[in-house]
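Breakdown of the fold
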Amino acid sequence: MSEEAVITAGCGQHAGEGSEWTVLRRESHNNLRRRTIAHIKGRTTDLAEAPMTVSTAVYTDPVRFEEEKRVLFRERPVLAALTGDLPEPGDTFLFDEVGPPILLVRNKAGKVNAFLNMCTHRAAKLVTECKRRNRMSCKFHGWTFDLDGKAVGVPGAEGFKGIDMAQRNLIPVPVAEWHGLIFVRAVPNGEPIDVEAHLGQAFARELAHLELEKARPMKTTRIDVNSNWKYALDTYGEGYHFATLHPSTIGALALSNIMTYDNYGPSHRMAMPRAEFMDYADKPESEWPDTNYGGLYYIFPNVVINCNNIPGGKQFYGMSRLFPGETVDQATTLITTYKPGHMQHIPETEPWTEMHDFIHKVVSTEDYSVSRDGQRNMSYAPADFKPVLGANEIALQNIHRNIEAMLDAARK
Ligand code: FES
Ligand SMILES: [Fe+2]
């Protein structure tokens, strides 16, 4: 069963409209809608060349699972937070989902540092609570570190004569903040991160339009599910199931089996039409409302950012981050709903927290009930059974292909 817990609740800040990026975001979303409406009219969807089968071992093999954790989640950069999760100097953010507990802290100059969240005295977890602070003190014996990780205080210092305290600073992990996205590489003293190279120029440009640096978190919740992380992730990659699995929730808000798909290296962008698109599909573009038209941005391997509307017209960014659990059949999802920068002038938080609760409920009770039961079936399926990904499940095909390719490359 899912274990669910509310982790944080943030608050909004004000920001203006009309930047170059805002114009580009609208143009990008208008393009998406043009293509989506053409699909609605033609009753079509973007398709892969052919269906594709995968092995059940992709979801059930514990050896492969350990490879995925190492290759995809520790050796490559992973998204740890958005700027709005630690916006001010002294803010801290904890990221424990990829193995080593990682501490993010924004220093006095506004730069984000990342460290192993480990005291250099005897390895106690240094920070256990996300709050604003000037320095960080270990609860075990009180060793203290500044926001750049320097050891600045040792109670009973006479007990540590001969120990070189310059070697006892916090242990850094690579971190890079770019247009609101904060990536870490969960390897102590590992290779630095070049975010644009990691994302690819074209995808980086699309993400920059979103102005994620201005987004502020409204609510974060966590869902633990007994399924492989990829079975959970697969539920985010197609709209084929909307009407059947979600008849009274998502299926009432969005049209099934119609999507536009754009590939950006191993990442992608998809858009599925909201039901209201039917109302103005026959109107000229000049009469389309000036708003976001949707878009699911998948950042390989585990992040989906849903840029969409709350019924009534306000817009939200819904970010889901999926992580492997302790065993091959366990996964964790962190869901955070953000108020975008261009919505910061609205003082209320409820439209966003209510949207968050709706999504959390749908994911945990509808999507992940399928993931959990399907995972169990996979482990008992005959050896020659292969799940099939339809041509209309193009995003899933590419996700699985790219994961396979990266594991293959790492084995060489
Ligand atoms: S382990 Fe942190 S002060 Fe001792
Ligand atoms: Fe779903």
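If you're wondering where the values come from, they're calculated on a predicted model, not measured in any experiment.

Once that is clear, we can look at the overall build of the protein. From N to C terminus, the protein includes 11 helices and 19 strands. At 22 Å, the protein has a C-alpha radius of gyration in line with the 22 Å of a compact globule built from 412 residues. Overall, the C-alpha framework of the protein stretches about 80 × 55 × 35 Å when taken along its three principal axes. Here the protein, with 412 residues, has 54% of them falling under the buried criterion. In the protein, 66% of the contacts between residues at least 6 apart in sequence involve partners at least 24 apart.

A few words now on the domain arrangement of the protein. Looking at the assigned domains, one finds that the protein contains domain 1 (3-66 + 200-411) and domain 2 (78-192). On a C-alpha basis, the centroid separation for the pair domain 1 and domain 2 is 31 Å. Residue-level contacts link 19 residues of domain 1 with 18 residues of domain 2. Summing both partners gives a buried area of about 1,500 Å² for domain 1 against domain 2, and 67% of it is carried by carbon and sulfur. The interface formed by domain 1 and domain 2 contains one salt bridge. A salt bridge links Arg-222 to Glu-97, with the shortest nitrogen-to-oxygen separation between them at 3.5 Å. The tally of links between domain 1 and domain 2 comes to three residue pairs in polar contact (both at pLDDT 80 or more). The leading source of residues in the side of domain 1 that touches domain 2 is strand S17 (residues 315-324), at four residues. Per-class residue counts for the side of domain 1 that touches domain 2 are 14 nonpolar, one polar and four charged.

Ideal coordination angles are 109.5 degrees for a metal with four donors arranged tetrahedrally and 90 or 180 degrees for a metal with six donors arranged octahedrally. Every protein donor of the iron ion (ligand 2) is listed here as His-241 (NE2), His-246 (NE2) and Asp-367 (OD), and their distances to the metal cover 2.0 to 2.1 Å. Counting along the primary sequence, the residues that act as donors to the iron ion (ligand 2) give the motif H-x4-H-x120-D. With His-246 in the loop between helix H7 (242-245) and helix H8 (250-253) and Asp-367 in helix H10 (residues 350-380), the pair connects residues that are 121 residues apart, well separated along the chain. We classify Asp-367 as buried; its relative accessible area is 7%.

Here the focus is helix H5 (residues 201-209). Considered for burial, the residues of H5 that qualify are Phe-203, Ala-204, Glu-206, Leu-207, Ala-208 and His-209. Just past H5, the residue Glu-211 takes up positive phi, approximately 50°.

It is possible for side chains bearing opposite charge to pair when their charged atoms get close. Under the definition given, this model contains 22 salt bridges. A salt bridge links Arg-35 to Asp-46; the nearest nitrogen and oxygen atoms lie 3.4 Å apart. Pair noted here: Arg-35 is in helix H1 (residues 20-42) and Asp-46 is in the loop between H1 and strand S2 (52-53), with a separation of 11 residues, a long-range link. What makes Arg-35 partly exposed here is its relative accessible area of 31%. Here Lys-219 makes a salt bridge to Asp-357, at a shortest N to O gap of 2.7 Å. Of this pair, Lys-219 sits in strand S12 (residues 216-225) while Asp-357 sits in helix H10; the two residues are 138 residues apart in sequence, bridging distant segments of the chain. What you see here is one network of salt bridges that share partners, running through Arg-35, Asp-46, Glu-206, Asp-262 and Arg-269.

Remember that side chains alternate between the two faces of the sheet whenever the strand is regular. Strand S14 (residues 267-271) sits mainly inside the fold: five of its five residues count as buried. Direction of pairing for strand S13 (residues 260-264) relative to S14: antiparallel, over a ladder of five bridges. From the neighbouring strand, Thr-260 faces S14, where its bridge partner is Ala-271. In terms of strand pairing, S14 meets strand S15 (residues 296-299) through three bridges, oriented antiparallel. What sits directly across from His-268, in S15, is Tyr-298.

Quick notes on the rules
Residues numbered from 1 in each chain as written. Chains lettered and ligands numbered in written order. Predicted model: local features only at pLDDT ≥ 70, side-chain atom pairs only at ≥ 80, totals over all residues. Heavy atoms only, no water. Helix = DSSP H or I, 4+ residues; strand = E, 2+ residues; numbered from the N terminus. Rg over C-alpha atoms; globule rule 2.2 N^0.38 Å. Buried < 20%, exposed > 50% of the residue type's maximum accessible area, 1.4 Å probe, protein only. Contact = heavy atoms within 4.5 Å. Domains from an automatic or database assignment. Buried area = accessible area lost by both parts, 1.4 Å probe. Salt bridge = Lys/Arg side-chain N within 4 Å of Asp/Glu carboxyl O. Polar contact = N/O pair within 3.5 Å; in protein donor to acceptor, adjacent residues only side chain to side chain. Nonpolar A, V, L, I, M, F, W, Y, C, P; charged D, E, K, R; others polar. Donors = N, O, S within 2.8 Å, 3.2 Å for Na, K, Ca; no water. Pairing = 2+ DSSP bridges.

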